[in-house]
Amino acid sequence: MAEVEDNFCEIDGSILEGGGQILRISVALSALTGRSLHISKIRAGRQKPGLSNQHMQGIELVGRICRGQLTGCSIRSEEIRLTPGVITAGEYTGDSITAGSISLLAQVALPCALFAGGPTTLRLLGGTNVDFSPPIDYIQKVLLPTLKLFGVDADLTVVRRGYNPKGGGEILLKIQPLEHLKPVSLMERGDVIGLHIYSYVAGTLSESISQDSARVAEDAVKKALPGVQLKVSKTARKESAADAVGNGSGIFMWAETDKSRVLAGSAVGSKLTDAVKAAAMLGEHLKTGAAVDEHLQDQLIIFMALAKGHSRYLSGPLSLHTQTAIYICEQILSIKFQIIPVANENVIVECDGIGLENSLLIQ
């Protein structure tokens, strides 16, 4: 359950997805709205309840950005309190210490930095391509281009890739502030016109693994889209020691449409079955005919909720992460999302955003 008063939010960290999604959305909205936040029962249903190091680093990063007072933010803690201050532009470092996901650090901090009084640079350290989170390529090739439609101006540079278990990856994310987020409509996917494949290995693994994976993935996608003429761009490479830390391998592939939509599939691992898995993921996203893939649907929710006007998108069935993001935004912002079933088990997700204004820019 959640309780929201004028300047205070009480969130049950065990509801729905019951993990990091609740923390990321709640902490970001606390910083953006200025409402104090208490989250209890953090990850209560997980094998290791409470905060992991990755969660802790993301919360602390937002705490620094908003000059907030943060208590309870320690390993395995099952409750935190955040009293936010003023979101402040500048240069910030977030370090997951191990191979914790850099992408998830970016997810929690990016919305906050957009409402600072000037440009912000995030130096984020950890894992760039790891299990159970979007690869950094997804943020770079899918999320940020889509966020441009909201008016977001952000540039991501991969300095070095990092993999399990060592991490050691680094990115720079440069974010320009905005007055408010524009509403978006992502209702048409369009026809697929291009397929891009990035297959990589690092460390002691052979470059031939990346070449074989790229070939297998291309064949699998073409088989899933019979009769479709695709312009294929394929890169298979071995990362140098300067470009990546430790052993790692995987594949990221994305499709572009004539409506400028981007959908993706990815996998971490050196087996050819991992390449097939990535291709199957992309193939499933394309079969739905939706304009937004499963991994983008939840990442757009907070931006739709904050935008100035009516936003909507067409997606496949809602993931638990998306349902959780919607629930938290509805509770803290007192808005309502509409979920409208349509053909092929797809849904339209829409809402009227609160039109959050950047008071630090609008004087």
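For the structure itself, look to the data block above.
A quick note: this is a predicted structure, and the numbers were derived from the prediction, not measured.

Asker: I'd like a rundown of the pattern of salt bridges, residues and numbers included.
Answerer: Within the structure shown, the criterion is met by 14 salt bridges. D137 is the salt-bridge partner of R161, the closest N and O atoms lying 2.8 Å from each other. Remark: D137 occurs in helix α4 (residues 136–147) and R161 occurs in strand β8 (residues 154–162); sequence separation between them is 24 residues. Ionic pairing is found between K287 and E284, a salt bridge with its closest N-O pair at 3.7 Å. Residue K287 and its partner E284 are located together in helix α6 (residues 272–287), separated by 3 residues, close to a single helical turn. On the basis of relative accessibility, which here comes to 47%, the residue E284 falls in the partly exposed class. Look at the salt bridges and you will find they share partners, linking D137, R161, R237, E239 and D243 into a network.

Asker: Mind laying out the sheet that holds β8, listing which residues take part and the relevant values?
Answerer: Pairing is mixed in the open sheet, where 5 strands are placed in the order β6-β7-β9-β8-β13. On the outer flanks of this sheet lie β6 (90–95) and β13 (244–245), each paired with one strand and no other. Sheet topology places β6 next to strand β7 (residues 120–126); 6 bridges connect them, and they run parallel. Within β7, the position partnered with D95 by the bridge is L125. In the packing of helix α3 (residues 102–113) onto the sheet, the strands contacted are β6, β7 and β9 (169–175), and the crossing angle to β7 comes to about 165 degrees. Together, β8 and β9 form the strand contacts of α4, whose direction differs from that of β8 by roughly 165 degrees.

Rules and cut-offs
All residue numbers refer to position in the chain's written sequence, counted from 1. Only residues with pLDDT of at least 70 get local features here, since the model is predicted, and only at 80 or more are side-chain atom pairs given and counted; chain-wide, interface and lining totals rely on the full set of residues. The basis for every side-chain value is the complete set of heavy atoms in the structure, and neither hydrogens nor water enter the calculation. When a carboxyl oxygen of Asp or Glu lies within 4 Å of a side-chain nitrogen of Lys or Arg, that pair is called a salt bridge. Strands are runs of DSSP state E lasting at least 2 residues, helices are runs of H or I lasting at least 4, and numbering of each runs from the N terminus. Burial classification: accessible surface area is computed with a 1.4 Å probe over protein chains only, and a residue below 20% of its type maximum counts as buried, one above 50% as exposed, and the rest as partly exposed. Strand pairing is assigned whenever DSSP detects at least two bridges linking the two strands. Contact between two residues is taken to exist if any of their heavy atoms lie within 4.5 Å; hydrogens are not considered. Between the N-to-C directions of two axes lies an angle of 0 to 180 degrees, each axis being a line fitted to C-alpha atoms and, for a helix, fitted only over the stretch in contact.

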